[in-house]
Amino acid sequence: MKRLGRGAAEFLAIAEELRHHDIQLELLTGPLQGVYDPSGHGAALFAFFAGMAESEREYIREKSLEGQASARERGRHGGRPKVVDDDMADYARSLRANGVSVPEIARKLVITAGKNKGEHPSVATVYRILAEANAADSADK
């Protein structure tokens, strides 16, 4: 069942595709062993599987969210580590306030930690830093 679909919508789309091509589902083992036609008597089985797939999806989602919350409580945050520290961000904002172009700011900044240590942040990263600063300034007002 886990290989057939991640949720009810995906599972029912697969069942419709099977119906369209006149393909039957054959369960080789277990108490439901047999051949099931998605357009005949097997439709109830497909509906049951769709419900179970949706239930499984929701269970996985809940457990993932619980795991993330637990990790946050222990001080662990997912995602990539930040390339820019607060000092670098302040320097970028002061350069921008003095009229320095964003590509020039990116060339003046140097990453101090991580696998990109010694390299320059991308122009997109500098734009993001400046946008976050503008959003923070707007929220303060």
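Residues numbered from 1 in each chain as written. Predicted model: local features only at pLDDT ≥ 70, side-chain atom pairs only at ≥ 80, totals over all residues. Heavy atoms only, no water.

1. Looking at the overall build of the chain
Moving on, step 1. Helices and strands together make up the secondary structure of the chain, namely five helices and two strands.
Moving on, step 2. If you list the helices and strands of the chain from N to C, you get α-β-β-α-α-α-α.
Moving on, step 3. Taken along the three principal axes of its C-alpha coordinates, the chain extends 75 × 35 × 35 Å.
Moving on, step 4. Here the chain holds 141 residues, and 23% of them are scored as buried.
Moving on, step 5. Put simply, 35% of the contacts in the chain that link residues at least 6 apart link residues at least 24 apart.
Moving on, step 6. On the chain, the mean spot of the 20 positive side-chain charges and the mean spot of the 21 negative ones are 7 Å from each other. (Helix = DSSP H or I, 4+ residues; strand = E, 2+ residues; numbered from the N terminus. Buried < 20%, exposed > 50% of the residue type's maximum accessible area, 1.4 Å probe, protein only. Contact = heavy atoms within 4.5 Å. Lys, Arg positive; Asp, Glu negative; His and termini not counted. Charge placed at Lys NZ, Arg CZ, Asp CG, Glu CD.)

2. Observations regarding the pattern of salt bridges
Moving on, step 1. Per the stated rule, a full pass over the model turns up six salt bridges.
Moving on, step 2. Note that Arg-61 and Glu-58 form a salt bridge whose closest N and O atoms lie 3.8 Å from each other. Of this pair, Arg-61 and Glu-58 both sit in helix H2 (residues 42–73), three residues apart, which is roughly one turn of that helix.
Moving on, step 3. Classification of Arg-61 by relative accessible area gives partly exposed; the value is 47%.
Moving on, step 4. With relative accessibility at 34%, the residue Glu-58 sits in the partly exposed group. (Salt bridge = Lys/Arg side-chain N within 4 Å of Asp/Glu carboxyl O.)

3. Some remarks on the environment of Ala-53
Moving on, step 1. As for its placement among the helices and strands, Ala-53 is situated in helix H2.
Moving on, step 2. Sequence separation of Ala-53 and His-77 is 24 residues, and the distance between their C-alpha atoms is 29 Å.

4. A closer look at the nonpolar core
Moving on, step 1. Core analysis: the largest hydrophobic core is formed by 13 residues, its most contacted members being Val-84, Ile-105, Leu-109 and Val-126.
Moving on, step 2. At the level of elements, helix H3 (86–97), helix H4 (102–108) and helix H5 (123–140) are the ones that each hand at least two residues to this core.
Moving on, step 3. The element that contributes the greatest number of residues to this core is H3, accounting for four residues.
Moving on, step 4. When neighbours within four sequence positions are excluded, Leu-109 is seen to be in contact with Met-88, Tyr-91, Ala-92, Glu-119, His-120, Pro-121 and Val-126. (Core = buried A, V, L, I, M, F, W, Y, C linked by side-chain atoms within 4.5 Å.)

5. Regarding helix H1 (residues 8–20)
Along an α-helix, a turn takes 3.6 residues, which lines up residues three or four apart on a common side.
Moving on, step 1. Taking 1.5 Å of rise per residue, the 13 residues of H1 would be expected to cover 18 Å, and the 18 Å separating its terminal C-alpha atoms lies within 8% of that figure.
Moving on, step 2. The positive-phi residue at the C-terminal boundary of H1 is Asp-22, with phi of around 55 degrees. (Expected span 1.5 Å × (residues − 1).)

6. As for the layout of surface pockets
Moving on, step 1. Its boundaries defined by the atoms lining it, the largest pocket holds a volume of some 260 Å³.
Moving on, step 2. Along the walls of the largest pocket sit 13 residues, with Asp-86, Ala-89, Arg-93, Ile-129 and Glu-132 positioned nearest its centre.
Moving on, step 3. At the level of elements, H3 and H5 are the ones that each hand at least two residues to the lining of the largest pocket.
Moving on, step 4. The leading source of residues in the lining of the largest pocket is H5, at six residues.
Moving on, step 5. Here the residues of the lining of the largest pocket are counted per class, giving six nonpolar, no polar and seven charged. (1 Å grid on protein atoms, 1.4 Å probe; cavity = no way out; pocket = protein on both sides within 12 Å on 5 of 7 lines; lining within 4 Å. Points joined across faces, edges and corners; volume = space filled by probe spheres on them. Nonpolar A, V, L, I, M, F, W, Y, C, P; charged D, E, K, R; others polar.)

7. Some thoughts on unusual backbone geometry
Moving on, step 1. Non-glycine residue Asp-22 carries a positive phi angle of around 55 degrees.
Moving on, step 2. Its location among the elements puts Asp-22 in the loop between H1 and strand E1 (25–27).
Moving on, step 3. Judged by relative accessible area, which is 69%, Asp-22 ranks as exposed.

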